Amino acid sequence: QVQLVESGGGSVQAGGSLRLSCAASGNIFSINAMGWYRQAPGKQRELVATISSISAITYADFVKGRFTISRDNAKNAIYLQMNSLKPDDTAVYYCRAGIQATWNGRYLEMWGQGTLVTVSS
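As a starting point, this report considers the structure included with it.

Calculation rules
- Residues numbered from 1 in each chain as written.
- Predicted model: local features only at pLDDT ≥ 70, side-chain atom pairs only at ≥ 80, totals over all residues.
- Heavy atoms only, no water.
- Helix = DSSP H or I, 4+ residues; strand = E, 2+ residues; numbered from the N terminus.
- Buried < 20%, exposed > 50% of the residue type's maximum accessible area, 1.4 Å probe, protein only.
- Core = buried A, V, L, I, M, F, W, Y, C linked by side-chain atoms within 4.5 Å.
- Pairing = 2+ DSSP bridges.
- Axes fitted to C-alpha atoms, helices over the stretch in contact; angles between N-to-C directions.
- Lys, Arg positive; Asp, Glu negative; His and termini not counted.
- Salt bridge = Lys/Arg side-chain N within 4 Å of Asp/Glu carboxyl O.
- Polar contact = N/O pair within 3.5 Å; in protein donor to acceptor, adjacent residues only side chain to side chain.
- Contact = heavy atoms within 4.5 Å.

### Some words on the environment of Asn27
- Inspection of the secondary structure puts Asn27 in the loop between strand E3 (18–25) and strand E4 (30–39).
- Counting along the chain gives 25 residues from Asn27 to Val2, while the straight-line C-alpha distance between them is 5.8 Å.

What follows is the structure in structure tokens.
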């Protein structure tokens, strides 16, 4: 059974930094794109950043210059370094990955359970 586990959330004051981690475990043959999404209270889930298997990266405009996504393929993990945090960044952050369990299987979309980031002013 494959699962994604996030860690690193917490509370921080505006201007501070946090680093989120997400690791995939279980029966994994291959992982294609991975990414971070977030959902603030009362709002829809939105994309924060994605990174492909060859480290092609996209960012949402609202995090450009502040957040950095990275990937460690050997550990089946991605990270999100978040700097210059703002109260508007308060949300539950979710990790997403496309995972292939066997060589001839299809990629399945997996989500982590989420980690809460709270930024106070």
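### Here we look at unusual backbone geometry
- Phi is positive for Asn76, close to 50°, though the residue is something other than glycine.
- As for its position among the elements, Asn76 is in the loop between strand E7 (67–72) and strand E8 (77–82).
- With relative accessibility at 24%, the residue Asn76 sits in the partly exposed group.
- A positive phi is found at Ser84, a non-glycine position, where the angle reads about 50°.
- Positionally, Ser84 belongs in the loop between E8 and strand E9 (91–100).

### Regarding the nonpolar core
- One finds Trp36, Val48, Phe67, Leu80, Met82 and Tyr93 to be the most contacted residues of the largest nonpolar core, which totals 29 residues.
- Looking at this core, the elements with two or more residues in it are E3, E4, strand E5 (46–51), E7, E8, E9 and strand E11 (115–120).

### Focus: the sheet that holds E8
- With antiparallel pairing, four strands are arranged side by side in an open sheet as E1-E3-E8-E7. One side of each edge strand has no neighbouring strand; the edge strands of this open sheet are strand E1 (3–7) and E7. Taking each pair of neighbouring strands and ignoring which way they run, the sheet shows an average axis angle of 15°.

### Topic: the side chain of Glu6
- Structurally, Glu6 is set in strand E1.
- Here Glu6 sits buried without a salt bridge, and the closest side chain of opposite charge, Arg45, lies 7.6 Å off (N-O distance).
- A distance of 2.7 Å separates the side chain of Glu6 from the backbone nitrogen of Cys95, its partner in a polar contact.
- There is a polar contact of 2.9 Å between the side chain of Glu6 and the backbone nitrogen of Gly114.
- When near neighbours in sequence (up to four residues on either side) are disregarded, Glu6 contacts Ser21, Cys22, Trp36, Tyr93, Tyr94, Cys95, Gly112, Gln113, Gly114 and Thr115.

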